[in-house]
Amino acid sequence: MARVAIVTGGTRGIGEAISIALKNAGYTVAATYGGNDEAAAAFKEANGINVYKWDCGDAKSCADGIAQVTADLGDVDIVVNNAGITRDGMLHKMTAENWNDVIRTNLDSVFYMTKPVIEGMRERGFGRIISISSINGRKGQMGQANYSAAKAGLLGFTKALAQEGARKGITANVIAPGYINTEMVAAVPEKVLESIVGQIPVGRLGEAAEIARCVVFLASDDAGFITGACLDANGGQYMAS
Ligand code: CAA
Ligand code: NAP
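Worth saying up front: this structure is predicted, and the values here are computed from it rather than measured.

**Regarding the layout of surface pockets**
Argument step 1. In this structure, the second largest pocket occupies an estimated 160 Å³ of space.
Argument step 2. Along its surface, the second largest pocket is lined by Phe111, Thr114, Lys115, Ile118, Arg122, Phe157, Leu161, Glu164, Gly165 and Ile170.
Argument step 3. Counting residues per element, the ones that place at least two in the lining of the second largest pocket are α4 (96-124) and α6 (145-165).
Argument step 4. Per-element tally for the lining of the second largest pocket: the top contributor is α4, with five residues.

Spelled out as structure tokens, the structure:
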């Protein structure tokens, strides 16, 4: 039977590409989203992938949502923690609300999405937890103290979980994309974005499908010896040692 994958924020941007790539690789996919019903309906219509609406930053919604996906599609084998938001601003201008929204949606969600599936994965001896971090969690970014903290937090979470899951066939890995051509990046002021693209050695933004291919690899049996890793896909903009 096909393995079941949940992709949070799987109806738009990078998540959309991940959902499609996993479906094409033979997985049964559940794509979640938070509020954009129109985009989700168009995605479902175009791709025939099941969509589910819940706030990934809310513990009960995640537990209930995962229970529904399990009832509909079967036990969850792969979680792709992709949903995320930005609330950019220099720290001296950042509100507590902007801090909390980003930590809740980008970091707390990863606990809320992983906790309900981890016991079943341990029992079945297989699991893949793949979390989408960011170049800005690796290097820090002015105007993104909240986002950089959340995305760096994913690295610690993943390294701990990788050790816990290793003997149970569960891998936990992070992908850290650079600047990818989605609506999230389109919100960056034009002049700033120009200067960012100037800092990317390959000379362009990345494409969502380039991140999706990383996910498909890390989800596969071929990647069973890779755990606790961070796969940087950033066009050479930041080369971590
Ligand atoms: N890279 C390089 N320089 C940057 C920068 C960046 N990412 N962000 C801001 N700056 C520079 C600006 O060019 C500007 O320089 P000058 O003074 O020389 O003109 C200076 O910082 C101050 O910026 P602003 O004048 O825009 O100041 P502001 O207070 O009005 O706004 C800001 C600050 C909200 C941070 C705004 O500059 C901004 O939105 N910057 C983009 C931050 C960013 O990179 N966000 C990434 C969003 S996409 C994403 O997060 C996905 C991912 O994981 C990669
Ligand atoms: P995007 O185009 O803005 O899409 C974000 C997705 O997340 C949407 O499907 C959105 O749902 C969903 N989402 C947001 N808040 C949610 C919530 N509370 N509950 C459930 N779903 C929620 O973003 P993207 O550029 O594809 O980014 C995807 C991930 O990659 C994010 O974690 C981002 O931080 C990370 N990333 C992006 C880049 C980049 O350059 N784009 C680089 C590095 C890392 P709705 O459609 O309902 O709004």
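**Quick look at helix α1 (residues 13-24)**
Argument step 1. The terminal C-alpha atoms of α1 lie 17 Å apart, and with 12 residues this matches the ideal 16 Å at 1.5 Å per residue to within 8%.
Argument step 2. All of the buried residues along α1 are Ile14, Gly15, Ala17, Ile18, Ser19, Ala21 and Leu22.
Argument step 3. Contacts from the buried residues of α1 go to β1 (4-7), β2 (28-33), α2 (37-47), β4 (78-81), β5 (127-132) and α9 (208-219).
Argument step 4. Of the residues flanking the end of α1, it is Gly26, one or two places downstream, whose phi is positive at about 105°.

**Comments concerning the site of ligand 2**
Argument step 1. Residues in contact with ligand 2 amount to 29 residues; listed here are only the nearest, Gly35, Asn82, Tyr147, Ile180 and Thr182.
Argument step 2. A distance of 3.0 Å separates an oxygen atom of ligand 2 from a polar atom in the backbone of Gly34.
Argument step 3. In the environment of ligand 2, a nitrogen atom lies 2.9 Å from a nitrogen or oxygen atom belonging to the side chain of Asp55.
Argument step 4. Secondary structure elements with two or more residues in the shell around ligand 2: α1, α6 and α7 (183-186).
Argument step 5. Broken down by class, the residue content of the shell around ligand 2 amounts to 13 nonpolar, 13 polar and three charged.

**So, helix α3 (residues 59-73)**
Argument step 1. For α3, built from 15 residues, the straight-helix expectation of 21 Å at 1.5 Å per residue is met to within 8% by its first-to-last C-alpha distance of 21 Å.
Argument step 2. For α3, the complete set of buried residues consists of Cys62, Gly65, Ile66, Val69 and Leu73. Taken around the axis of α3, the buried residues stretch over an arc of 100°, which confines them to a single face. Exposed residues on α3 whose side chains face more than 90 degrees from its buried face are Lys60 and Ala71.
Argument step 3. Contacts from the buried residues of α3 go to β1, β2, β3 (50-53) and α4.
Argument step 4. Downstream of α3 by a residue or two, Gly74 has a phi angle that is positive, lying close to 115°.

**Structural notes on the pairing of β3**
Argument step 1. Where β2 meets β3, four bridges bridge the pair, whose relative direction is parallel. Bridging from a neighbouring strand, Thr32 pairs with Tyr52 of β3.
Argument step 2. Read from β2 through α2 to β3, the crossover connection turns out right-handed.

**A closer look at the site of ligand 1**
Argument step 1. Around ligand 1 sit 22 residues in total, of which Asp88, Ser134, Gln141, Tyr147 and Tyr179 are the nearest.
Argument step 2. Interatomic distance of 2.8 Å between a side-chain N/O atom of Tyr179 and an oxygen atom of ligand 1.
Argument step 3. For ligand 1, the protein covers 67% of the area, taking 970 Å² as the surface of the free molecule.
Argument step 4. Looking at the shell around ligand 1, the elements with two or more residues in it are α7 and α8 (190-198).
Argument step 5. For the shell around ligand 1, the leading source of residues is α8, giving four residues.
Argument step 6. Classifying every residue of the shell around ligand 1 by side-chain character gives 10 nonpolar, nine polar and three charged.

Cut-off values and rules
One numbering rule holds for all chains: residues counted from 1, following each sequence as written. Chain letters start at A and ligand numbers start at 1, both assigned in the order the entries are written. Two thresholds apply to this predicted model, a pLDDT of at least 70 for residue-level local features and 80 or more for giving and counting side-chain atom pairs, whereas whole-chain, interface and lining totals are computed over all residues. The side-chain figures draw on all heavy atoms in the structure; neither hydrogens nor water molecules are used. The method works on a 1 Å grid over the protein atoms by themselves. A cavity is a set of points holding a 1.4 Å probe that cannot get out, a pocket is an open set with protein on both sides within 12 Å along at least five of seven lines, and residues with an atom within 4 Å of a point line them. Grid points are joined across faces, edges and corners, and a volume is the space filled by probe spheres set on the points. Only DSSP runs of H or I with at least four residues qualify as helices, and only runs of E with at least two residues qualify as strands; both kinds are numbered from the N terminus onward. By this rule, a helix spans an expected 1.5 Å times one less than how many residues it contains. Remark: exposure states derive from per-residue accessible area (1.4 Å probe, protein chains only) relative to the maximum for the residue type, with buried under 20%, exposed over 50%, and partly exposed in between. Contacts are assigned to residue pairs that have any heavy atoms within 4.5 Å of one another. Nearness is defined per residue: one heavy atom within 4 Å of the molecule or strand is enough. Polar contacts, as used here, are pairs of N or O atoms within 3.5 Å; protein pairs need one atom able to donate a hydrogen and one able to accept it. Residues neighboring in sequence count only if both atoms are side-chain atoms. We call Asp, Glu, Lys and Arg charged. Ala, Val, Leu, Ile, Met, Phe, Trp, Tyr, Cys and Pro are nonpolar, and the rest, Gly among them, are polar. Relevant arc is that of directions from the helix axis to the C-beta atoms, nothing else. For two strands to pair, DSSP has to find at least two bridges joining them. Convention used here: a crossover is right-handed provided that the path from the first strand, over the helix, to the second strand proceeds clockwise when the strands point away from the viewer. Where accessible areas are quoted, they stem from the Shrake-Rupley method and a 1.4 Å probe; at the residue level, only the protein chains shown are allowed to cover.

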